[in-house]
Amino acid sequence: MWNVHGAMSAPPPAPFDPQAFDAHVMSTYARFPIALERGEGCRVWDTTGRSYLDFAAGIATCTLGHAHKNLVEAVTRQIGRLHHVSNLYYIPEQGMLAALLAALGAGERAFFCNSGAEANEAAIKLARKYGRTRLGIERPVVIAAQASFHGRTLATVTATGQAKYQQNFDPLVPGFVHVPFNDATALGEAIVELDRERKQVAAVLLEPLQGEGGIRPGDPAVFRKIRELCDARGILLMFDEVQVGVGRSGKWWGHQHLEVEADVVTLAKGLAGGLPIGAMLCKRSCDVFQPGDHASTFGGNPLACAAALTVLMTIEKDKLVDNARLRGDQLRAGLQALAKSSPGKIAEVRGWGLLLGAELGSTEPRTAADIARAALDAGLLVVPAGPRVVRFVPPLIVTAAEIDEALAVFARVLAG
Ligand SMILES: *Cc1c(COP(=O)(O)O)cnc(C)c1O
């Protein structure tokens, strides 16, 4: 047990005691039964000293892996100088981050917050105000996709097109409609239907690649049609790039794979390499926010922004977008070879760059969670994406040797 008074100096009890943990932490997660205490590059160590190859990366978040020199230096420097002041004052690091994101093509205007859900909340609020003030819509509707994931706050869980996340949280937030993913015809029909009597649709919110929904990439031809549908009616096209953005896909932004422009882009997971940050970016012409419209106490504080700046500059300098593409190609080829050599075990390998999913096949009775557990026992961390898809999202610094190592472990797990 912790001694409250000695907590500053006392190390956590060893060995780690999950029961003591569960005594006071709410049971909102089905946790794997290990506690990680140290990391370096693409490797982490648990409290018993056992090491794992980390292809989970804090759920596609630790862009630069663990204990990266640049990140350690930047965060240490910033916390020693000034870490938080609130948005009552100008924050130079925030301005620099917004300018860098604009230069990289994410969007010209930025609002900073602390998570993916918050970034999407900001996008939904922007869409509603845009709908009311620019399109004259009294009760703006946002259309999202089935099987999507946009977060756990009430509005974003409503935007999320999966009933399992909404169960028991009724009444949900009004103003959301869902259509099948990768289906421009269904989207077009929904817009016509909703706008039949009076215009209602303000925005379409889509992941360029559905992450939690099973690593399902968008189809460029479909997304080009969706872009045209939105343009014809002045509807905002908003991309949730919380998981796919910031280089992971082998391009800076996921929507670059679809070759369509975004009106709004949301980011979070990988942006500050594991420090909490979220961002909602938009074209200058879509920025309808004024003082008082939206706010966040922590959002864009000097510490988070210094971390994000370092992550982006390191990605540029060390060519990590290229690395994500090359190592992603290697991992995909390896997984496809496995699918071939063990028929029925893997039905399909999908994804972009270092955001890949292996959908389990008909001869594999185990769930993705079972496989993730078996992989953990074999020294490899991976993440399920739905019941049948095993997700591989290593840090963008991953090496060719580490990809080979992960593939060898995964082959044993599949065979086992
Ligand atoms: C993880 C995720 C979110 C939610 O992000 P949080 O930081 O957990 O709030 C939203 N959208 C997508 C696509 C995600 O992958």
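Residues numbered from 1 in each chain as written. Predicted model: local features only at pLDDT ≥ 70, side-chain atom pairs only at ≥ 80, totals over all residues. Heavy atoms only, no water.

- In the nomenclature of an unreviewed UniProt entry, the chain corresponds to Acetylornithine aminotransferase from the organism Nannocystis exedens.

1. Comments concerning the sheet that holds strand β6 (residues 176-179)
Working step 1: Strands sit in the order β4-β12-β11-β10-β7-β5-β6 across an open sheet of seven strands; the sheet is mixed. Unpaired on one side and paired on the other, β4 (109-113) and β6 mark the two borders of the sheet. If you compare each strand with its neighbour and ignore which way they point, the axes differ by 20 degrees on average.
Working step 2: By the bridge criterion, four bridges tie strand β7 (residues 201-206) to strand β10 (residues 236-240) in an arrangement that is parallel. Following the sheet pairing, L205 is matched in β10 by M238.
Working step 3: This element, helix α7 (residues 184-195), spans β5 (141-145), β6 and β7 of the sheet and lies at about 160 degrees to β5. (Pairing = 2+ DSSP bridges. Helix = DSSP H or I, 4+ residues; strand = E, 2+ residues; numbered from the N terminus. Axes fitted to C-alpha atoms, helices over the stretch in contact; angles between N-to-C directions. Contact = heavy atoms within 4.5 Å.)

2. Quick word on the domain arrangement of the chain
Working step 1: Taken domain by domain, the chain comprises domain 1 (21-54 + 319-415) and domain 2 (71-317).
Working step 2: Each of domain 1 and domain 2 has a C-alpha centre, and the two are 27 Å apart.
Working step 3: Tallying the contact residues gives 22 residues for domain 1 and 25 residues for domain 2.
Working step 4: Between domain 1 and domain 2, the buried area comes to about 1800 Å², and carbon and sulfur atoms account for 63% of it.
Working step 5: Sorting the residues of domain 1 by area buried against domain 2 places V321, W352 and L355 first, and these three jointly supply 42% of that buried surface.
Working step 6: Applying the counting criterion to the domain 1 and domain 2 interface returns one salt bridge.
Working step 7: Across the pair E212 and R391 runs a salt bridge, and its minimum N-O distance is 2.7 Å.
Working step 8: Between domain 1 and domain 2 we count 12 residue pairs in polar contact (both at pLDDT 80 or more) in total. (Domains from an automatic or database assignment. Buried area = accessible area lost by both parts, 1.4 Å probe. Salt bridge = Lys/Arg side-chain N within 4 Å of Asp/Glu carboxyl O. Polar contact = N/O pair within 3.5 Å; in protein donor to acceptor, adjacent residues only side chain to side chain.)

3. Description of the site of the ligand
Working step 1: Neighbouring the ligand are the residues S115, G116, A117, N120, F149, H150, G151, E207, D240, V242, Q243 and K269.
Working step 2: Between the ligand and Q243 there is a distance of 2.7 Å, counted from an oxygen atom to a side-chain nitrogen or oxygen.
Working step 3: Take the shell around the ligand: its biggest share by element is three residues, from helix α5 (residues 116-134).
Working step 4: A class-by-class count of the residues in the shell around the ligand yields three nonpolar, six polar and three charged. (Near = heavy atom within 4 Å. Nonpolar A, V, L, I, M, F, W, Y, C, P; charged D, E, K, R; others polar.)

4. Some remarks on the side chain of N120
Working step 1: Note on placement: N120 falls in helix α5.
Working step 2: At a separation of 2.8 Å, a polar atom in the side chain of N120 contacts the side chain of T266.
Working step 3: Filtering out sequence-adjacent residues up to four positions away, N120 remains in contact with H150, T156, L205, D240, V242 and T266.

5. Quick word on the sheet that holds strand β15 (residues 380-381)
Working step 1: Overall, mixed pairing links the four strands, which are arranged β1-β2-β3-β15 in an open sheet. Lying at the two open borders of the sheet, with one neighbouring strand each, are β1 (36-40) and β15.
Working step 2: In this structure, strand β2 (residues 43-46) lies alongside strand β3 (residues 51-54), joined through three bridges in antiparallel fashion. Residue pairing in the sheet places R43 in a bridge with L53 of β3.

6. Considerations on the pattern of salt bridges
Oppositely charged side chains may form a pair once their charged atoms are brought near each other.
Working step 1: Taken as a whole and judged by the stated rule, the model has 19 salt bridges.
Working step 2: Here R233 and D195 are joined by a salt bridge, their closest N and O atoms 3.5 Å apart. With R233 in helix α8 (residues 220-233) and D195 in helix α7, this pair connects stretches of sequence that are 38 residues apart.
Working step 3: Accessibility expressed as a relative area gives 35% for R233, which makes it partly exposed.
Working step 4: The structure contains a network of salt bridges with shared partners spanning R227, D231, E261, D263 and K283. (Buried < 20%, exposed > 50% of the residue type's maximum accessible area, 1.4 Å probe, protein only.)

7. A short note on the nonpolar core
Working step 1: F55, L101, I143, L267 and F410 are the most contacted members of the largest nonpolar core, which has 99 residues in total.
Working step 2: Considering each element in turn, this core owes the most residues, nine residues, to helix α10 (residues 302-317).
Working step 3: Counting only domains with at least three residues in this core, you end up with domain 1 (21-54 + 319-415) and domain 2 (71-317).
Working step 4: When residues no more than four places from it in sequence are discounted, the contact partners of L101 are A106, G107, F112, W253, L267, L271, L281 and L312.
Working step 5: Listed in part, the 23 residues of the second largest apolar core include F111, A119, A203 and C282. (Core = buried A, V, L, I, M, F, W, Y, C linked by side-chain atoms within 4.5 Å.)

8. Details of unusual backbone geometry
Working step 1: Cis geometry marks the peptide bond from D170 to P171, where omega comes out at -5 degrees.
Working step 2: Counting through the fold element by element, P171 comes out in the loop between α6 (154-159) and β6.
Working step 3: A positive phi is found at A67, a non-glycine position, where the angle reads about 55 degrees.
Working step 4: Looking at the secondary structure, you find A67 in the loop between α2 (57-60) and α3 (69-81).
Working step 5: Positive phi, close to 60 degrees, is recorded for N182, a residue that is not glycine.
Working step 6: When you line up the elements, N182 lands in the loop between β6 and α7.
Working step 7: Taking the relative accessible area as the measure of exposure, N182 reaches 27% and is therefore partly exposed.

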